[in-house]
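Examining the three-dimensional arrangement
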Amino acid sequence: MSTSPEHAATGSEWWRTAVIYQIYPRSFADASGDGIGDLPGIESRMDALAQLGVDALWLSPFMVSPQRDAGYDVADYRDVDPLFGSLADFDAMLAAAHERGIKLIVDLVPNHSSSDHAWFQAALAAGPGSIERARYIFRDGKGENGELPPNNWESVFGGRAWTRVTEADGTPGQWYLHIFDSSQPDFDWSNEEVREEFRSVLRFWLDRGADGFRVDVAHGLVKAEGLPDYTPPADGDSMGGHEPVPYWGQEGVHEIYRDWHNVLAEYEGDRVLCAEAWLPTLDETALWVRSDEMHQAFNFLYMYAGWNADAQREVITESLRAFNSVGAPSTWVLSNHDVVRHATRLAVEFENAQGAGIGPNTPGPRPDAALGLRRARAATTLMLALPGSAYLYQGEELGLPEVIDLPDEARQDPSFFRTNGERYGRDGCRVPIPWEPDAPAFGFSTTGESWLPQPPEFVEYARSVEEKDDASTLELYKNLLTERRAHGLGSGTLTWKETGSATLLSLTNADVEVVVNFGADELLVDAARVILSSEPLLVTAENQAKVPTDVTVWLHA
Ligand code: GLC
């Protein structure tokens, strides 16, 4: 028996089916030799990205920033931080991408600026009641002398979400809201000047040729009227939450994206807005991609689904249903710069909340690296068979694991400091990636400098090593992308096949059948039907290919 097909939403825009590769600029390739990756470094590796076969790049922020949250604290939205290069370097890198038919998506951070931003500095200088302060969320404190914060909100990175300023005359003054670090003051999006400024920032990058934006914290811009107290549940996810949260997912944000939709529509080509919105359900996530709002939203429920047949089937079915109901493609993602890399995460057998990270003293067994990689390869082989658009995070195509043994002194994530080391944070997935086995910093930088130390085992994952090995993760990703395109899977229609087994998952999309074996027993398939598999398969004398546990195969349907 087969169940009803799950259609991909239709439409010809490139982003509906695109495979989009996330570059974390500071860790990709460092041309200047200072240990921090840069735009000329990205340009110099553009051929490798073209060979991988991705349709588009998304670059995490490279704008002017004091780097207190690795660039997610922007001090000037219209210029490149000298650490990463210049606007001319951006133009050259964009041209190099476009020459190869690769699109480029810029990361926009509209929820907050850096406290170094000229507007915030002006707000501090101008004092209470000024138009400068009205661009941010300044409030008088509670208590007799305003010594208590205006409400009880906690920062996502730990500690309170308010910081008290010292007024120009030296007296303790008002408090400002920062949902993240104290160096990231939240804008007040009820202020028309803020709205106009961001329309203009969108145009700045669109005019330069950017193909779209990944919108940071897209569920956070509007806060509930009156800023009511809110205590997150102890076991809750600080970026989402399962009950109404006064700073996440407020109805008023949608009007902002309808406005941005219209700005993008003025431009030629299909420019795209992708929401980073951590929401408790897929139906809520779909609200961000109604036809007059954004175009894509990250599918974090898929990312965190359990590695078993039931959970995978359910989240895939629900994703296609929810996004299809608003005419949007589903997106798929397994790793990014905020979560434990999936080559490690899929072997973690203890509770590990988003943002907690894994470090040398994390309680519980150390994740089994071989098991994690095997599952990661199987998970990606399933993901890239699904209709819609998929996001990859730099280094996953090499099978990189999370770096667990970073010394405390090397850590840089503000959440590590704001929780006094209780959370290791996100540095373990941000370590600069290896290109060559024998070069300084494994070819990441010319000098051997690297802003986070690379572990010696990165030598095995170096791109040039994997290029020579047919069984490597890199070669698997290249095959997946080639075959995904050849079979039109991005725009295909998914149909589940009943397997009669709780540990086997089977679906068809276009002319490909995909089978995932989650069980202990080997599955036999006709070897002549195999298009590719997440691990090399042994073939019997009868020409049957053996599909062991934690392996995904693509077969001619
Ligand atoms: C987003 C980014 C994350 C950053 C935070 C604050 O979640 O992905 O890296 O720390 O927003 O801007």
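Bear in mind the structure is a predicted one, so any value in this text is a computation, not a measurement.

This part is about helix α4 (residues 118-126). All buried positions along α4 are accounted for by Trp119, Phe120 and Ala123. When α4 is viewed along its axis, its buried side chains cluster within an angular range of 95 degrees and face the same direction. Opposite its buried face, α4 presents the exposed residues Ala118 and Ala125, each directed more than 90 degrees away. Those residues of α4 hidden inside the fold are in contact with β7 (138-139), β9 (172-177) and α5 (192-207). Remark: Gly127 follows α4 within two positions and exhibits a positive phi of approximately 90 degrees.

Moving on to the site of the ligand. Lining the immediate environment of the ligand, one finds 15 residues, of which Asp69, Asp216, Glu276, His337 and Asp338 sit closest. A distance of 2.9 Å separates an oxygen atom of the ligand from a polar side-chain atom of His337. The separation between an oxygen atom of the ligand and a polar side-chain atom of Asp338 is 2.5 Å. Surface burial for the ligand is 98%, taken as the share of its 310 Å² of free accessible area covered by protein chains. Looking at the shell around the ligand residue by residue, the class counts come to five nonpolar, three polar and seven charged.

Here we come to the packing of helix α11 (residues 369-383) against helix α14 (residues 473-486). Geometrically, a packed helix pair is captured by the angle between its two axes and the distance between the axes. Contact pair α11 / α14: the axes reach a minimum separation of 10 Å and the direction vectors enclose 10 degrees. Between α11 and α14, the interaxial angle falls into the category roughly parallel. On α14, the residues touching Leu373, Arg377, Thr380, Thr381 and Met383 of α11 are Thr473, Leu476, Tyr477, Leu480 and Arg484. A per-class count over the contact of α11 with α14 returns five nonpolar, three polar and two charged.

Running from N to C, α5 and helix α6 (residues 253-265) point in directions that differ by 35 degrees, and their axes come no closer than 10 Å. You can see that α5 and α6 cross each other, and the crossing is right-handed. Where α5 approaches α6, its residues Arg195, Phe198, Arg199, Leu202, Arg203 and Leu206 are matched on the opposing element by Glu255, Ile256, Asp259, Trp260, Val263 and Leu264. Grouping the amino acids of the contact of α5 with α6 by side-chain chemistry returns seven nonpolar, no polar and five charged.

Within the secondary structure layout, Asp107 lies in strand β6 (residues 103-108). Beyond its immediate sequence surroundings of up to four residues, Asp107 is in contact with Trp58, Leu59, Ser60, Pro61, Met63, Tyr72, Arg214 and Asp216.

Rules behind the numbers
- Residues numbered from 1 in each chain as written.
- Predicted model: local features only at pLDDT ≥ 70, side-chain atom pairs only at ≥ 80, totals over all residues.
- Heavy atoms only, no water.
- Buried < 20%, exposed > 50% of the residue type's maximum accessible area, 1.4 Å probe, protein only.
- Helix = DSSP H or I, 4+ residues; strand = E, 2+ residues; numbered from the N terminus.
- Arc of directions from axis to C-beta.
- Contact = heavy atoms within 4.5 Å.
- Near = heavy atom within 4 Å.
- Polar contact = N/O pair within 3.5 Å; in protein donor to acceptor, adjacent residues only side chain to side chain.
- Areas by Shrake-Rupley, 256 points an atom, 1.4 Å probe, with all protein chains shown as cover.
- Nonpolar A, V, L, I, M, F, W, Y, C, P; charged D, E, K, R; others polar.
- Axes fitted to C-alpha atoms, helices over the stretch in contact; angles between N-to-C directions.
- Parallel < 35°, antiparallel > 145°, perpendicular 65-115°, else oblique.
- Left-handed = near helix turned anticlockwise from the far one by under 90°.

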